[in-house]
Number of protein chains: 2
Amino acid sequence: MKVTLSAVDTYETSFTPLVVIELAQDVKEETKEWLKSRIVAKKKDGGAQLLFRPLLNKQEKETLGNKENLYLVGASGLRLLLGAEAVGLVRECTDGTMRAFTYDTRRSFRGFHDDNDDFLTMAECQFIVKHELENLRAREERMIPGYPHAKLYPGKSILRRLLTSGIVLQVFPLHDHEALRKLEDAWYTRFSLHYQPIDSIRSYFGETIALYFGFLEYFTFALIPMAIIGLPYYLFVWEDYDKYVVFASFNLTWSTVILEVWKRSCADMTYRWGTLVMKRQFEEPRPGFHGVLGVNPVTGREEPLYPSYKRQLRIYLVSLPFVCLCLYFSLYIMMIYFDLEDWALSVHQESGTEWTGVLLYVPSVIYAIVIEIMNRLYRCAAEFLTAWENHRLESAYQNHLVLKVLVFNFLNCFASLFYIAFVLKDMKLLGQSLATLLITSQVINQILESLLPYWLQKKHSMKVKRKVQALKVDMDASLYKQVLLEKEMGTYLGTFDDYLELFLQFGYVSLFSCVYPLAAAFAVLNNFTEVSSDALKMCRVFKRPFSEPSASIGVWQLAFETMSVISVVTNCALIGMSPQVNAVFPESKTELVLIVVAVEHALLALKFILAFAIPDKPRHIQVKLARLEFESLEALKQQHMKLAAESLKEEPRGGKTETGA
Amino acid sequence: MKVTLSAVDTYETSFTPLVVIELAQDVKEETKEWLKSRIVAKKKDGGAQLLFRPLLNKQEKETLGNKENLYLVGASGLRLLLGAEAVGLVRECTDGTMRAFTYDTRRSFRGFHDDNDDFLTMAECQFIVKHELENLRAREERMIPGYPHAKLYPGKSILRRLLTSGIVLQVFPLHDHEALRKLEDAWYTRFSLHYQPIDSIRSYFGETIALYFGFLEYFTFALIPMAIIGLPYYLFVWEDYDKYVVFASFNLTWSTVILEVWKRSCADMTYRWGTLVMKRQFEEPRPGFHGVLGVNPVTGREEPLYPSYKRQLRIYLVSLPFVCLCLYFSLYIMMIYFDLEDWALSVHQESGTEWTGVLLYVPSVIYAIVIEIMNRLYRCAAEFLTAWENHRLESAYQNHLVLKVLVFNFLNCFASLFYIAFVLKDMKLLGQSLATLLITSQVINQILESLLPYWLQKKHSMKVKRKVQALKVDMDASLYKQVLLEKEMGTYLGTFDDYLELFLQFGYVSLFSCVYPLAAAFAVLNNFTEVSSDALKMCRVFKRPFSEPSASIGVWQLAFETMSVISVVTNCALIGMSPQVNAVFPESKTELVLIVVAVEHALLALKFILAFAIPDKPRHIQVKLARLEFESLEALKQQHMKLAAESLKEEPRGGKTETGA
């Protein structure tokens, strides 16, 4: 039997599906009807005024025996342009300035033609649709029709309630296979040295992800000088005092400079993309937030509120002790590792065969694996705890999560190295451990993060394809197939893990750089393949993520800067402890320590002065931003002048007389 | 003969003089006429639409034989309200929120009545008049009429050109003697313990000066705990290791906390005053700025431009070497001081009479005086150099000046103490020098800054009074007298010197606090009188300054924070060097140094964590600011919604059909 997936739905003739909404299989008809009516309703009636249709019509559904409730959401071109104005999209004008898009001034924007649908990228359209869906708010509804327990209150985002009640299973944007193929070709399939097509990544995946890849690339290139300078130190075993100092000083200054210069390149990119000047939207409560209905002092609306002191209590009485316990546990595991190491060494010394030689490396590898496992377990615990702390805003949630995870991962990954360096004072072991940890974690990450999911995904996709073919329907069911395939793909959970990996790598490279100068080289090698595996992951393994505008890498900039401050301290200490340096001050160790401390303080001061002296934005961006500000102030002034001129015309003359003297 | 200073001038019947403009005595009639016409011209004709009249009319001038060109500027009530809107004044509404004042919504502001002239304080009115005068811009004029060399270009501020050409000698606001007397009564004339009337100071002198007095008071109270805890250390000569550490740790944590808490109190005050939410105005080039006419990339106007690289060259090739030379010179003087000190000591030891005992203190006192002189000389040089660097904006000029002056004053005041502490390692001498420097500089400052000028001012005022009485005019000439008196008063050059004094005091108190615990007590004593002498200076010695809105103490917050970071380092080093602590580690000095360094790093880390963890704004201010932002975003959204609803009505239906599958 033939199934035709007719495009002519009841609502609209021209329809490009942008976003898929999957409802639970047992959703009541009443609820479906209500949701549909709210999504298609006119803006003035409080609707989203979007296009909405089921993936399969009733007949097709019955034929295929498909019980899934899949809906496609789209929007007319005009609706998208108005949405672009509502989200505050910033675009380049024909005169080269960046301005917030408004429908009225649409013709002054570069690339806009009335008959042109390409003005907004598909990622932008999907972002706009998502924004409109999330801003679809309850009016008089006190609950979701058909679900008396899913309470609503005026102003509550309907979609968020549907998601938390499990009525909507997921909302995700569709891939555009043609564009994706083009992007892949330019990005990672050809094995040649070239920059990543950051602008294309941005138009396909949005700014947040493009910034991650931009940072990954920038960071890799920034590491190359450190890798190159480190090579001869490793090859020729340079261990003189002055060469050490030169290497360490270069590394420390360099790491400050690259972080500052990144801020500038980042501003450059985000200005071009418009996100640097984009106005921040008011942040809605995160989906998981719950509380007692009360009047929010900020919005003035009746909303769930959660008292701040309760949250503080949860943080300080539960989360903090838990984190400390985890840190203690991590240190405990570390001590076991050192026992194992001792044991392996004693076995090797007793019966020095080749096998026991290999045994020497086993504890390190096991420890590296255990660290990875602990990091992942802790991550889940941290997510649970942070969610339980019940933060109102997504940004607060993220900050608390990042802080928890960073502290633990830092200790978990680096504690053993600190122990070896400053307690055991065994530089050779330090170099060895560093190498083992770095390489093991990189290999594990590449496998767990991209290749394994890719393989799983491939297997699954074969299964789905077979299933679709088994239907023996002779039809052009590409959209149906695409939706079925993509809805089963994993969800990309944001750039957190990717940045974390880079952050730990930066730690391995910079904290003990003068002991193991090869670390930078390994990091560079890893990152060259990391680009490809991350790109593969984005394009093939996960559902397409919603584009998210962002103007910088946010809290990670601070994290990297903190790491580079800590690395000044560790490197100075390492140099001070090296036997070569100690040989220069054979009599007075105190003098040596004082000199090292002085140098450390000078370096730290230099870092802060450099960070202060290098402007965060390049000059041409500063000028452009100043121009924007000037224009808006001028416009305001013009308005005042006009008003003043009008008001002063009516000013009453005369009045009371005053004696001036 | 009788002279009547008639208040009924040709232009306006109701007239409260707010601001005085003094023109040079030989100004051409043509120029006067032009200036007058521009000031009174209607807003729509590019004028300032202010009221303007000579202090004396022609007849009176001839009678008095007065050649001075003094003019009074005022404004009608309506004009002032419109001006308040133009400068972006923020006021409290009847519903308790802070909003930018607009004339249309005037009735929603607390304290506004149509028949009420008290809504704006006199300081605000004067600020508005100043803003309007400064924003009086050239239109077609290519030069100032009558002065072909005083070039103008469209958009150039007329008043600034008049000032730089010496045609206008000065522009200053008038005192309001009744309000001033009330303020003085509440402020410093009654000798009783009470808080300063910061809000009244603010309404009379404006936010910048009120913030200085607020900071002075806050800082004094914040020093009291340090002074109290320091007293027993001095009295009982507590010199145990642990007591030292307790004292130093308290001081260091305390100084971090007070600076953070100040930010919060400051936000609290400036929110109440409206300056925290006041929109920044576009910054005009500073009066002294010169350059070649070109198109400014920011404003798009034809303006004088000065290439940035030339300024950089001046900074790095002239200013920087000059500052270094001055620093070197200061160190040289310091070495001479130590030679003198040695000489005095040797004289005293040879012939130990009482006289030579006094002689021991002479070098310190001389050095303290020399330091003050050098600071003042350097200050002039720094001002000259910074002006010569030709910064376009007043803020850039101020930043470069502050940086130059701070670095030099820091070295000049503290170098000898550092030398005694860390090279001579003579703690007793350090305590002595610190006391001498602190007390001498405080005494000198109080005299030079307030009492001497007050005395001079008093003498001068007598002279003027006698002169006015000598005219033997039997008239109510109080306004005439007031203007004559005030125009001869010195000009208050801003809060720079006052903050600098506090900054150096903070250095004396915190850098070596564990050696001389009495410093805080002296600072507290000084500051209690400093409040009165500074208040006297503001009210009686100087011309009334124009009110200046500001939301914080700006760069000084950073300066104080930097000082408190440096003081962590010095105090840790001092404790590490003390014989008591050294006695605890008799064998291993290295261990001691390492422990001290570890403690120092821990304290620094604690400082940064504290600074990070204490929110800069109190929670209720955060909520109010969030509410303001929310409202403006909501308003924007409403606007978009309305537009969207309108546009979507006209949306064309139908169009091309697309096959979805």
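Residues numbered from 1 in each chain as written. Chains lettered and ligands numbered in written order. Predicted model: local features only at pLDDT ≥ 70, side-chain atom pairs only at ≥ 80, totals over all residues. Heavy atoms only, no water.

Where charged atoms from two side chains of opposite charge approach closely, those side chains can pair. Under the criterion given, the structure shown has 56 salt bridges over all chains. Measuring nitrogen to oxygen at the nearest pair gives 2.7 Å for the salt bridge that ties K487(B) to E68(B). Of this pair, K487(B) sits in helix α15 (residues 478–487) while E68(B) sits in the loop between α2 (58–64) and β3 (69–74), and the two are 419 residues apart along the sequence. E68(B) carries the same exposure label as K487(B), and that label is buried. The closest approach of N and O atoms between R91(B) and E124(B), which form a salt bridge, is 2.7 Å. Of this pair, R91(B) sits in strand β4 (residues 90–92) while E124(B) sits in helix α4 (residues 122–134); the two residues are 33 residues apart in sequence, bridging distant segments of the chain. Assigned by exposure class, R91(B) and E124(B) land together as buried. Three or more residues joined by partner-sharing salt bridges are found here, namely E22(A), E68(A), K487(A) and E488(A). (Salt bridge = Lys/Arg side-chain N within 4 Å of Asp/Glu carboxyl O. Helix = DSSP H or I, 4+ residues; strand = E, 2+ residues; numbered from the N terminus. Buried < 20%, exposed > 50% of the residue type's maximum accessible area, 1.4 Å probe, protein only.)

On to the packing of aromatic side chains, then. What characterises a pair of aromatic rings is the spacing of the ring centres plus the angle enclosed by the ring planes. Applying the stated criterion across every chain, the model contains 77 aromatic pairs over all chains. Between F219(B) and F560(B), the ring centres sit 5.9 Å apart and the planes meet at 75°, which makes this aromatic pair edge-to-face. Taken as a pair, F219(B) in helix α8 (residues 207–235) and F560(B) in helix α18 (residues 555–577) lie far apart in primary sequence, 341 residues in all. Just as F219(B) is buried, F560(B) falls in that class too. Both rings, one in Y234(B) and one in Y516(B), keep their centres 6.2 Å apart while their planes meet at 85°; by these two values the pair is edge-to-face. Here the residue Y234(B) occupies a position in helix α8, and Y516(B) occupies one in the loop between α16 (496–511) and α17 (519–541), the gap between them amounting to 282 residues. Over the aromatic face of Y147(A) sits the side chain of K28(A), whose NZ or CZ is 5.0 Å from the ring centroid. Here the guanidinium or amino end of K543(B) rests over the ring plane of F172(B), the centre of that ring lying 5.6 Å away. (Phe/Tyr/Trp six-rings, centres within 6.5 Å; stacked < 30°, edge-to-face > 60°. Lys NZ or Arg CZ within 6 Å of the ring centre and 35° of its normal.)

All names here are of chain A. With five of five residues buried, strand β1 (residues 19–23) is to be regarded as a mostly interior element. Where burial is concerned, the two faces of β1 agree: the one with V19, I21 and L23 and the one with V20 and E22 are both buried. Where β1 lies against strand β8 (residues 168–173), five bridges are found, and the strand directions are antiparallel. Note on β8: the bridge partner recorded for V20 is F172. (Pairing = 2+ DSSP bridges.)

Here we come to the sheet that holds strand β3 (residues 69–74) of chain A. All names here are of chain A. Here four strands make up an open sheet; going across it, the order is β2-β3-β1-β8 and the pairing antiparallel. In this open sheet, the two strands that pair with only one neighbour each are β2 (51–54) and β8. Along the sheet, successive strands turn relative to each other by an average axial angle of 20°, direction set aside. Docked against the sheet, helix α4 (residues 122–134) engages β1, β3 and β8, running at close to 40° with respect to β1. (Axes fitted to C-alpha atoms, helices over the stretch in contact; angles between N-to-C directions. Contact = heavy atoms within 4.5 Å.)

Before going further, it helps to examine unusual backbone geometry. Located in the positive-phi region is Q49(A), a residue other than glycine, with phi close to 55°. Looking at the secondary structure, you find Q49(A) in the loop between α1 (29–40) and β2. We classify Q49(A) as buried; its relative accessible area is 11%. The phi dihedral of K425(B) falls on the positive side, at around 55°, and the residue is not glycine. Within the secondary structure, K425(B) is located in the loop between α13 (394–424) and α14 (427–470).

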